[in-house]
Amino acid sequence: MALSRTHCWPEGHWDWPIHVSHKHGIRCGEMIFVGGQVDLDSSGKVQHAGDLATQTVTVMASLDKVLRGLGADLGDLVKLIAFYQNDGSRDEQRFLADVARQLPAGGPGPVITAVPLPALAYPGMLVEIEAVAMRGADGRRLERQGIALRGAAPLPAPLSHGLRCGEMIFVGGVSAIDETGAVIAKGDIVRQSQIVMDRIGEVLHGFGAAHDDAVKINTYYAGGGQFADWEGAARARARYFTEPGPAATGLPLPRHALPGLMTRSEITAMLGRDGRRLPRSHVWPEGHWDWPIHLPYKHGIRCGPMIYLGGQVALTPQGQVIEPGELVAQTKIAMENIRRVLAGFGAGFDDVVKVTAFYEGGASADQLHKNLSVRSACFTEPGPATTGIPLPFLAYEEMVIEIEIVAMVG
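So, how was this worked out
Residues numbered from 1 in each chain as written. Predicted model: local features only at pLDDT ≥ 70, side-chain atom pairs only at ≥ 80, totals over all residues. Heavy atoms only, no water. Helix = DSSP H or I, 4+ residues; strand = E, 2+ residues; numbered from the N terminus. Rg over C-alpha atoms; globule rule 2.2 N^0.38 Å. Areas by Shrake-Rupley, 256 points an atom, 1.4 Å probe, with all protein chains shown as cover. Lys, Arg positive; Asp, Glu negative; His and termini not counted. Charge placed at Lys NZ, Arg CZ, Asp CG, Glu CD. Buried < 20%, exposed > 50% of the residue type's maximum accessible area, 1.4 Å probe, protein only. Polar contact = N/O pair within 3.5 Å; in protein donor to acceptor, adjacent residues only side chain to side chain. Contact = heavy atoms within 4.5 Å. Core = buried A, V, L, I, M, F, W, Y, C linked by side-chain atoms within 4.5 Å. Domains from an automatic or database assignment. Buried area = accessible area lost by both parts, 1.4 Å probe. Salt bridge = Lys/Arg side-chain N within 4 Å of Asp/Glu carboxyl O. Pairing = 2+ DSSP bridges. Axes fitted to C-alpha atoms, helices over the stretch in contact; angles between N-to-C directions.

(A) Broad picture of the overall build of the protein chain. Of the regular secondary structure elements, the protein chain holds six helices and 18 strands. Taken over C-alpha atoms, the radius of gyration comes to 19 Å for the protein chain, in line with the 22 Å a tight globule of 410 residues would show. Along the first, second and third principal axes, the C-alpha set of the protein chain runs to 50 × 45 × 45 Å. Just so you have it, the protein chain exposes about 14800 Å², and 50% of that area is on carbon and sulfur atoms. Taking the 37 positively charged and 44 negatively charged side chains of the protein chain as two groups, their mean positions are separated by 4 Å.

(B) Summary view of the side chain of Gln-330. As for its position among the elements, Gln-330 is in helix H5 (residues 327-344). Residue Gln-330 is classed as buried on the basis of its relative accessible area, which comes to 0%. Of the polar contacts made by the side chain of Gln-330, one reaches the backbone oxygen of Ile-322; its length is 3.4 Å. When near neighbours in sequence (up to four residues on either side) are disregarded, Gln-330 contacts Ala-314, Val-321, Ile-322, Glu-323, Pro-324, Gly-325, Glu-398, Met-399, Val-400 and Ile-401.

(C) Main features of the nonpolar core. Counting 84 residues, the largest nonpolar core has Phe-83, Trp-230 and Leu-342 as the members making the most contacts within it. Structurally, this core is a two-domain feature, drawing no fewer than three residues from each of domain 1 (1-144) and domain 2 (312-409). Core analysis: the second largest hydrophobic core is formed by 30 residues, Ala-72, Ala-82, Leu-103 and Ala-133 among them.

(D) Up close: the domain arrangement of the protein chain. Segmenting the protein chain into domains produces domain 1 (1-144) and domain 2 (312-409). Taking the mean C-alpha position of each, domain 1 and domain 2 sit 21 Å from one another. Counting from both sides, the interface comprises 31 residues of domain 1 and, opposite them, 35 residues of domain 2. Between domain 1 and domain 2, the buried area comes to about 2700 Å², and carbon and sulfur atoms account for 65% of it. Three residues stand out in domain 1 for area buried against domain 2, namely Ser-21, His-22 and Phe-33, and they jointly supply 22% of the buried area on that side. Inspection of the region where domain 1 meets domain 2 yields two salt bridges.

(E) Spatial organisation of the sheet that holds strand S3 (residues 31-37). With mixed pairing, six strands are arranged side by side in an open sheet as S1-S2-S3-S6-S4-S5. Looking at strand neighbours, the two that pair on one side only are strand S1 (6-8) and strand S5 (111-117), the edges of this open sheet. The mean angle between the axes of side-by-side strands here comes to 10 degrees, regardless of whether they run parallel or antiparallel. Examined bridge by bridge, strand S4 (residues 77-85) and S5 share seven bridges and lie parallel to one another. In the strand pairing of S5, Ala-82 is matched with Ala-114. Along the sheet, helix H2 (residues 92-100) contacts S4, S5 and strand S6 (127-134); its crossing angle with S5, the most-contacted strand, is approximately 130 degrees.

Right under this line is the structure:
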């Protein structure tokens, strides 16, 4: 059963240079999703090109504008993912402080995952931030509980390492960085993966939850687009989950902000208000693609009204790339795989509230528009919120797009 939802496109808000079905924000029950906000004008032209600090202020103001159009504001944020340009010369802590300064004082504030990239979708664009917020159906603010992770690098107030709101638990990007800002086990992705998963477990435990309450995990790791870059770390993370595990997305980055830092993971979990584990179901369509090694993750997880899909790609059941290097063809295959997983829950594209596409490319409008037009065409207008992020490479050679989905059903 479809849930009622409202969409937001503030008057005069920035736009893409091509028409798409997506809207900037969507609200469904208590959940609010805002697609990646950037510093563009209404014709799709980049503003304040090359100025990260100014673009960050503008982007946070855009987030606030969309949220207000949906009956909320920055004080209702529960999660931020901040994609920003960093070639190794930028101070990530300073960037996080710039984001935090735009948030209401007090707290606890949202969790955040910072993702350093060589470039974003358009030349001169240095930051894109997407968001999840929660507001009561009656318009009241929802009670929340925050956690600061012991032994980890502190976050600028009011940001949190972990946040619980209702049945939703969010753990922001966790890395192997100590309280002094030093990297632990430099260059060792397997050991760092264990540290990250232990720390995520500590945050979850603080809310009375565990790894098996996770419904979605995203990992951003330093690598060059080869299976060998992620195999050992993937096996290490997998040991923390009992099958069937959460939906999962793993994305390679040329580097993290600090030398020797190899991986960063974030988790969304769900737990009953009474502390009991919530029932869930999973989908793995017959003949669907698979990884070349066995992992506990499932293509789709449903818990309550929430459906999370791991990154969908153009692979065979043996883990071989289909249509190597062909962006449009792989986008169509990924969207068909999404349709199949959603159908396993009795859902469809009109139940989708958020789309995130990671594609091979750089600061090129052409590369974004090629896949954006294909995936946008799958939705009835007004469509879901969306984010499109270019990467130099993905997890497999010649795989050029990965698309993840959040949907909500009655």
